[in-house]
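# Summary of the model geometry
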Amino acid sequence: MNQYRIDLSQFAAFSINETDSLTKTCICNYIQLLHTQYKPKTVKRKIACLRAFINYLELDEQIKFNPISKIRLEFCEPLTLPKSLPVSIVQRHFFYNSNL
């Protein structure tokens, strides 16, 4: 719950200078800023939080149009490799094939 509050506060702080903070342009600019400051998983979480909040506002009829529903979000998370392989796996791979 605390992270949710922080994520929404960050969006509010970003959009304070905007004339209308719930526009597609404002949200796209915010997402671009997030990509420069955070890792992909964190960006996904912050966007999910914002999306949930805007969906709530729409369901509660506080807004008529959901601007985030028209934004297409596609980005790749970097592939993370294991830091090391256990010796048993290395031995099994190299010594199993050496008898051929």
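All figures in this text were calculated on a predicted structure; none of them were measured in a lab. (Residues numbered from 1 in each chain as written. Predicted model: local features only at pLDDT ≥ 70, side-chain atom pairs only at ≥ 80, totals over all residues. Heavy atoms only, no water.)

### Concerning the nonpolar core
- Formed by 16 residues in total, the largest nonpolar core has its most connected members in F11, I27, L50, I54 and I68.
- Elements with a minimum of two residues in this core: α1 (2-15), α2 (24-37) and α3 (40-59).
- Looking at this core element by element, the count peaks at 6 residues for α3.
- Not counting residues up to four positions away in its chain, the partners in contact with F11 are S21, L22, C26, I27, Y30 and L50. (Core = buried A, V, L, I, M, F, W, Y, C linked by side-chain atoms within 4.5 Å. Buried < 20%, exposed > 50% of the residue type's maximum accessible area, 1.4 Å probe, protein only. Helix = DSSP H or I, 4+ residues; strand = E, 2+ residues; numbered from the N terminus. Contact = heavy atoms within 4.5 Å.)

### Remarks on the packing of α2 against α3
- Relative orientation of the contacting elements α2 and α3 amounts to 155 degrees, with a least axis distance of 10 Å. With respect to α3, the axis of α2 lies roughly antiparallel. Considering the relative orientation of α2 and α3, their crossing is right-handed. On α3, the residues that touch I27, Y30, I31, L34 and H35 of α2 are V43, K46, I47, L50 and I54. (Axes fitted to C-alpha atoms, helices over the stretch in contact; angles between N-to-C directions. Parallel < 35°, antiparallel > 145°, perpendicular 65-115°, else oblique. Left-handed = near helix turned anticlockwise from the far one by under 90°.)

### Digging into the packing of α1 against α2
- Between α1 and α2, whose axes approach to 11 Å, the crossing angle comes to 115 degrees. The pairing of α1 with α2 is recorded here as roughly perpendicular in orientation. In this structure, α1 crosses over α2, and the sense of that crossing is right-handed. Where α1 abuts α2, its residues D7, Q10, F11, F14 and S15 lie against C26, I27, N29, Y30 and L33.
- Here the residues of the contact of α1 with α2 are counted per class, giving 6 nonpolar, 3 polar and 1 charged. (Nonpolar A, V, L, I, M, F, W, Y, C, P; charged D, E, K, R; others polar.)

### Details of unusual backbone geometry
- Phi is positive for E61, close to 60 degrees, though the residue is something other than glycine.
- By the secondary structure assignment, E61 is in the loop between α3 and α4 (87-97).
- With a relative accessible area of 71%, E61 lands in the exposed category.

### Quick look at the side chain of K46
- Along the polypeptide, K46 turns up in helix α3.
- If near-sequence neighbours (up to four positions away) are discounted, K46 is found in contact with D7, Q10, L34 and Y38.

### Brief notes about the environment of C28
- Structurally, C28 can be placed in helix α2.
- For the pair formed by C28 and P67, sequence separation is 39 residues and the distance between their alpha carbons is 9.9 Å.

### A closer look at the pattern of salt bridges
- Taken as a whole, this structure holds 2 salt bridges when the rule is applied.
- When the shortest N-O distance is used, the salt bridge between D7 and R45 registers 3.0 Å. With D7 in helix α1 and R45 in helix α3, the pair connects residues that are 38 residues apart, well separated along the chain.
- Where K46 meets D7, a salt bridge forms, and the shortest distance between an N and an O atom there is 2.8 Å. Residue K46 is found in helix α3, and its partner D7 is found in helix α1; the two are separated by 39 residues along the sequence.
- Accessibility expressed as a relative area gives 3% for K46, which makes it buried.
- Judged by relative accessible area, D7 falls into the buried class, the value being 4%.
- What emerges from the salt-bridge pattern is a single network uniting D7, R45 and K46. (Salt bridge = Lys/Arg side-chain N within 4 Å of Asp/Glu carboxyl O.)

The quantities given are spatial measurements derived from coordinates; they are silent on function.
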